[in-house]
Structures are given as structure tokens and as C-alpha cells.
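What follows is the residue order along each chain.
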Amino acid sequence: MRTIDWVDGAVELIDQTLLPERVEVLRLRTVADLVAAVRRLAVRGAPALGVAGALGVALAAYTEPGPEAVRAAAESLRRARPTAVNLAWGVDQAAALLPEGPDAVLRRALAIRDDDVEACLSMGEYGADLLAGLTGTRPLTVMTVCNTGGLAAVERGTALGVAQTLHERGLLAEALALETRPLLQGARLTAWELARMGAPHRLVVDSAGPFLLARGHADAVLIGADRIAADGDTANKVGSYALALGARRAGVPFVVVAPETTIDMATPTGAGIEIEDRDAEEVVTLRGHRLAPEGTGALNPAFDVTPHDLITAIVTDRRVIRLDKGESLASVPPGPRRAGPSERV
Ligand SMILES: CSC[C@H]1O[C@H](OP(=O)(O)O)[C@H](O)[C@@H]1O
């Protein structure tokens, strides 16, 4: 089942706010409804947001009353969440075809959807081979934060896609998933995906992550990305930076896994990445239950930035950049996509 798709003139997507208890598909017929779904993380994850952006422009082209309304709808989608570069990228890619009419926009959006599947398969191959080189070909325990599986993309994920490839190769000893407060993408989504894969896994309280690395519980940390600056500084779910510090201290490889479309060469360093600050209610309540006394506020950055000097490698669908060996996004050109084993259709 695809996380997000175009079905009979509407955008259909799994409402991730209802997982793991309920699997429900939203059928969105207006851009306004899609923007609302993006903002409340019914659809989330950088690659999935890129596809949502592109499909949303197609929806606008078919449903909005005129070119100005189409452009305004596309802009509202582009601004729905600021950190993941993929959202703006997807909107821009599809909007470039607007002069050719809605059918051309839809064709581009569907191509972006299909390309994501191939990109994730390729990242799995590059990433699993990198880990074999770093740690030896043996079953590995990997630690993850947030959700980077197929729910963050179209069918298969990025960092969790590498774990899935390891599992398919018989080389995943266990996945340790940080629960990822406040919206619990790890506890609700990653655990659900790993269970569906039949992959061995356990949940970890966020603040235990660095200490478990110090105690040798993981062979590598695998994280996704929402935006990678030109120097390799990486914005990802909040908690990633703490894991990077713990991994460095523990001598554990810290690997970022993201498609080429998440790289933003126009942003020189992580200091230039806009971090989404979300509503305090997400912190002081838990799925509708109030945790803190009325009047208690909260700081709620949705992401943090890991400096490139704490990152061992960046794995994309076309290359592996070994930052620990002095390589950079500028010094390692993109190469070919890798196709997964034929049985992984
Ligand atoms: C495969 S990239 C997913 C990326 O997006 C997540 O953020 P959110 O759940 O707020 O969309 C998190 O940063 C993941 O690494």
C-alpha cells in the first residue's frame, strides 16, 4: 500500500495520526485539505512531503478556478512546513509544468512518486553495503530516531529502508527505535513498520539513546534528513543531534540516509536552515491527555541540526559521502542508482 497516491482525481494518503491503532485513508479533493493534512502530520516525512507537494499542484491545476488561484494554492502548500526542502522542491517541480496544462503537471507529479520508490531501493543498497564496510558483514543492531520508513516516503523508506535491506539480507540483529516525543513517530510508526516487516526491534525512550550507545547497544545510528546544507550539516527530527554526540563519544558510526532531493546546495550551512517550531500543546498534552498543569508552556522545535563534523557518512540514492574521511557533497559526484534484488518488486 502506498503512503500517498493519486486516485481518480484526488490525493489519497494514509492518515498517520491514527496509526498504529487505525489504518485509514484520507481522500483529499482540495489543496486546502492537503495543506491541513501536511500541517497536522497526517502525511509527513521529507520524501512523502515532496510527493504531496507535487500531487498538490496537480490537484490545484484541476480544481482551482484560474491561474492566480492555482499559484496561490501551490504557494500555500509550499509554505505548509518550512524545514523539509522536499516539500518546496516537489511543488516547484510540478508548478514548472503549469503552462503545459494539468495533465502535464500530473504526469510530472506521478513521475516524482514513482522515482521515490526507486530512490529508496537504491539508498537501501548503498547504505547496507556501507555498513558492511564499516562494521564487517555480520548481523547489526541499528538505532533510529523518528520514522524513516515507507510512511515517510511512498513505499519504502530512507534510513529505515537501509534497516529493511539489512533485514532482507539476514543482517539485521535488531532495530532500536527512539519513541520520538512529542508526536511519537518512532513508537507509533517505526515500531508498526518494523513489526510488519517481521524485523526484530525494541523501543527506546529518547533520552536513553546516547547512554545506550555508550553501553554498546548499537553498531550504528541511521537517521533520515529534512534538509542537508551544502557543507553536510543536517536538519532532522529533534533528538538527532544528541544521538550524534553520543555516537561520536561511543565511536559508533552516525549515518544520514536521504535522497539527493533533500540536499540543498543553496543553503551553505546548517545555520541557514529554518527550524519549524510547533505548538506547545503537542508537548504539554499526549494524544489529548493533559500532561502538564494548565498554563505550562513549552518549547517545541520539530527538528535540530547535526553539524557535519559529527556525521560519519551521508548515503543518498546515488552516492555515499564519507565525511569522516574528508569527503564532501562537492567532492563526490552523484553516481548511478542501485536496483534492489529483483525479488523486491
Ligand atoms: C525520511 S525523512 C523523514 C524525516 O521527517 C521526519 O519529520 P516529521 O515526522 O516531522 O515529518 C523526521 O525528521 C524524519 O527523519
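Cut-off values and rules
Residues numbered from 1 in each chain as written. Predicted model: local features only at pLDDT ≥ 70, side-chain atom pairs only at ≥ 80, totals over all residues. Heavy atoms only, no water. Pairing = 2+ DSSP bridges. Helix = DSSP H or I, 4+ residues; strand = E, 2+ residues; numbered from the N terminus. UniProt positions renumbered as here; feature names shortened; annotations may be inferred. Buried < 20%, exposed > 50% of the residue type's maximum accessible area, 1.4 Å probe, protein only. Contact = heavy atoms within 4.5 Å. Salt bridge = Lys/Arg side-chain N within 4 Å of Asp/Glu carboxyl O. Near = heavy atom within 4 Å. Polar contact = N/O pair within 3.5 Å; in protein donor to acceptor, adjacent residues only side chain to side chain. 1 Å grid on protein atoms, 1.4 Å probe; cavity = no way out; pocket = protein on both sides within 12 Å on 5 of 7 lines; lining within 4 Å. Sits in = over half its atoms within 2 Å of the grid points. Nonpolar A, V, L, I, M, F, W, Y, C, P; charged D, E, K, R; others polar. Domains from an automatic or database assignment. Points joined across faces, edges and corners; volume = space filled by probe spheres on them.

I'm lost on the pairing of strand E1 (residues 4-7) in this one. Help?
On a regular strand, one side chain projects to one face of the sheet and the next to the other, so that they alternate. As paired strands, E1 and strand E2 (residues 10-14) are joined by 4 bridges and run antiparallel to one another. For Trp-6, the partnering residue across the bridge sits in E2 and is Val-11.

Is there a simple way to explain the UniProt feature "active site" (unreviewed entry) in the protein chain in this structure?
As annotated in UniProt, the feature "active site" (unreviewed entry) corresponds to Asp-226 in the numbering used here. Assignment of secondary structure puts Asp-226 in the loop between strand E7 (220-223) and strand E8 (227-229). For Asp-226, a relative accessible area of 8% corresponds to the buried category. Ignoring any residue separated from it by four or fewer positions in sequence, one finds Asp-226 in contact with Ala-46, Thr-83, Ala-84, Val-85, Asn-86, Ala-235, Asn-236, Lys-237, Thr-262 and Phe-303.

Quick question: what am I supposed to make of the pattern of salt bridges here?
When charged atoms on two side chains of opposite charge get close, those side chains can pair. Per the stated rule, a full pass over the model turns up 28 salt bridges. For the salt bridge of Glu-276 with Arg-278, the shortest nitrogen-to-oxygen distance reads 2.7 Å. The exposure class assigned to Glu-276 is buried, which follows from its relative accessible area of 8%. Take Arg-278: its relative accessible area is 17%, and that puts it in the buried class. Several salt bridges converge on common partners, so that one network encompasses Arg-2, Asp-5, Arg-113, Asp-114 and Glu-155.

Would you mind showing me how to read the site of the ligand here?
Within the structure, the ligand sits among 18 residues, and Arg-44, Arg-81, Asp-226, Asn-236 and Lys-237 are positioned closest to it. At 2.9 Å, a backbone N or O of Gly-45 approaches an oxygen atom of the ligand. Measuring from an oxygen atom of the ligand, one finds a side-chain N or O atom of Lys-237 at 2.7 Å. Structurally, the ligand is housed in the largest cavity. Sorting the residues of the shell around the ligand by element identifies helix H2 (46-63) and strand E9 (234-237) as the ones contributing at least two each. Tallied by class, residues from the shell around the ligand come to 7 nonpolar, 7 polar and 4 charged. Among the domains, domain 1 (4-115) and domain 2 (124-325) are the pair contributing at least three residues each to the shell around the ligand.

Whenever I open this one, the UniProt feature "site: Transition state stabilizer" (unreviewed entry) in the protein chain confuses me. Can you help?
Following the UniProt record, the feature "site: Transition state stabilizer" (unreviewed entry) maps to Cys-146 here. Within the secondary structure, Cys-146 is located in the loop between strand E4 (140-144) and helix H6 (159-168). By relative accessible area, which is 7% here, Cys-146 ends up buried. Setting aside chain neighbours within four positions, we find Cys-146 in contact with Arg-44, Leu-178, Thr-180, Gln-185, Gly-186, Thr-190 and Lys-237.

Before we go on, may I ask you to explain the layout of surface pockets in this structure?
Unoccupied space between atoms shows up once a probe the size of one water molecule is rolled over them. Size it by volume and the largest pocket reaches roughly 350 Å³. For the largest pocket, the lining is made up of 17 residues, of which Met-1, Gly-150, Glu-155, Glu-193 and Arg-196 are closest to its centre. Taken together, the elements giving at least two residues each to the lining of the largest pocket come down to H6 and helix H7 (185-197). The biggest single contributor to the lining of the largest pocket is H7, with 4 residues. Of the residues assigned to the lining of the largest pocket, the class counts are 7 nonpolar, 6 polar and 4 charged. Of the volumes computed, that of the second largest pocket is approximately 270 Å³. Thr-17, Pro-182, Leu-183, Arg-188 and Arg-287 are, among the 18 residues lining the second largest pocket, the residues nearest its centre. Mapped onto the lining of the second largest pocket, the elements with two or more residues apiece are H7, helix H10 (281-284) and strand E12 (285-286). It is H7 that contributes the most residues to the lining of the second largest pocket, 3 residues altogether. Residues that form the lining of the second largest pocket fall into these classes: 6 nonpolar, 5 polar and 7 charged. Looking at which domains feed residues into the lining of the second largest pocket, each of domain 1 (4-115) and domain 2 (124-325) gives three or more.

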